[in-house]
Amino acid sequence: MTDIRGKVAIVGVGHSDQGTFPGKSAEQLSIEAIQSALADAQLTKEQIDGLITCKSIQGGNVDTSLGVRFGLSPKYSQTLDYGTCNFSLHLAVQAILTGLAETIVLVYGANARSAKVNFAAAAPSLEGASGFVHIAGQAGMALQRHKALYGTTDEEFGWFAVSEREWAQRNPLAIFRDPLTIEDYLAKPYMVEPLRRDDVTMISDGGVALVVTSAERAKDYPNKPVYVLGMAENTEVRGDYFPDWHMRPNIQQTAARIWQNTGFTPKDIDLLYIQNPTAVWNLQMVEYYGFAPIGEGGRWVAEGHTRPGGDMPLNTNGGQLSESYMWGWLHMVEAVRQLRGTVEPDRQVPNPELALYCSTMAFHKSAASIIGVNQ
């Protein structure tokens, strides 16, 4: 792989408010996020020569619809059909290193909550024919499999949701901030057995944006640059035609590549972010990326590693379970702010240098980025 370490940096992050905003389009929310990110980087839109948008779940927020509303015609623009920020960040790095653009804004915006998008409307598929018309059904099957193979208990698994809520209580942006104890969690009924409501993301409206540029240009901007130190991806786009599809074993290939590409190990990571429409993604990825042995992710999280004060802070923003939906984009904003040392004092992890962000496009693609303050 071409050495990309420290050649591209994130110099601005921003977002709109998060919640329910009837009457605001995905593009309007994206523009609010871009304006916030540009203000953070102290840039004007005229200084942006690249635009990468992530299509909203409704199909809007493409570059051509956003550009006309924001009055932006950069020399380079693209739209990806799938989110989680990693894929857009990786595309931006490639565009900068090949000279297609110098300073790129990446953005995701959606109004899925106020538009009342039906996430249970299944397209024709083997999953739909089996009744899995929502990601929670497939994730529930994966958790049942994990419980059967390794003896993971509801109480152990519940600590993913509880620890994220503990972080969210310290985050003014988070939508779900009510206290949640493990006893509260266990007292709630199943939504899709063995998943409870707290194990599944809410749907929310909002926008998120990042500004990315070359490391050389980053030195001229006011914020401490956060460098892209490594990235990796893997796919299983042939679909569910291999054993243990719901366990998503393809993620292990992405994990192996990110460690191989960078020379880092899980012990080097100060901050861990996992895109998580369900807490099952947390369970799978802490194991596949080597933070917990395979089969022991439940016991590992129950030991308190991911909680405030733990040795592996996970989703310090509250994640998709408690902060906001945003397809995991806010995870990267939080990682950048933590590395800069600019989050609220009671949420700030002391002196972090490296963050790992892991994400997937459902069961078909996986991606990882390592970012840090040292070039």
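Quick caveat: nothing in here was measured; it's all calculated off a predicted structure. (Residues numbered from 1 in each chain as written. Predicted model: local features only at pLDDT ≥ 70, side-chain atom pairs only at ≥ 80, totals over all residues. Heavy atoms only, no water.)

Engineer: So what about the pairing of strand β4 (residues 103-110)? Which residues, and what values?
Structural biologist: With eight of its eight residues buried, β4 lies for the most part within the structure. Neither face of β4 is exposed, since T103, V105, V107 and G109 on one face and I104, L106, Y108 and A110 on the opposite face are all buried. For strand β2 (residues 50-54) and β4, the ladder comprises five bridges, and the chain directions are parallel. By the bridge assignment for β4, G50 is matched with I104. Bridge count between β4 and strand β7 (residues 206-214): eight bridges; the pairing is antiparallel. In the strand pairing of β7, V107 is matched with A209. (Buried < 20%, exposed > 50% of the residue type's maximum accessible area, 1.4 Å probe, protein only. Helix = DSSP H or I, 4+ residues; strand = E, 2+ residues; numbered from the N terminus. Pairing = 2+ DSSP bridges.)

Engineer: Could you give me a rundown of the packing of aromatic side chains, with the residues and numbers involved?
Structural biologist: Note on aromatic pairs: each is described by the distance of the centres and the angle between the planes. Applying the stated criterion to the full structure yields seven aromatic pairs. Pairing Y108 with W327 gives two aromatic rings, centres 5.6 Å apart and planes at 65 degrees, and the pair type is edge-to-face. Taken together, the positions of Y108 in strand β4 and W327 in the loop between α12 (319-322) and α13 (329-340) put the pair 219 residues apart, joining distant regions of the chain. Ring pairing ties together the aromatic residues Y108, W327 and W329, which thus form one cluster. A cation over an aromatic ring shows up here: K24 above the ring of F21, its NZ or CZ 5.6 Å from the ring centre. Across the ring face of F363, the terminal group of R248 is positioned such that the distance to the ring centre comes to 5.9 Å. (Phe/Tyr/Trp six-rings, centres within 6.5 Å; stacked < 30°, edge-to-face > 60°. Lys NZ or Arg CZ within 6 Å of the ring centre and 35° of its normal.)

Take it as geometry only, folks, not as evidence of what the structure does.
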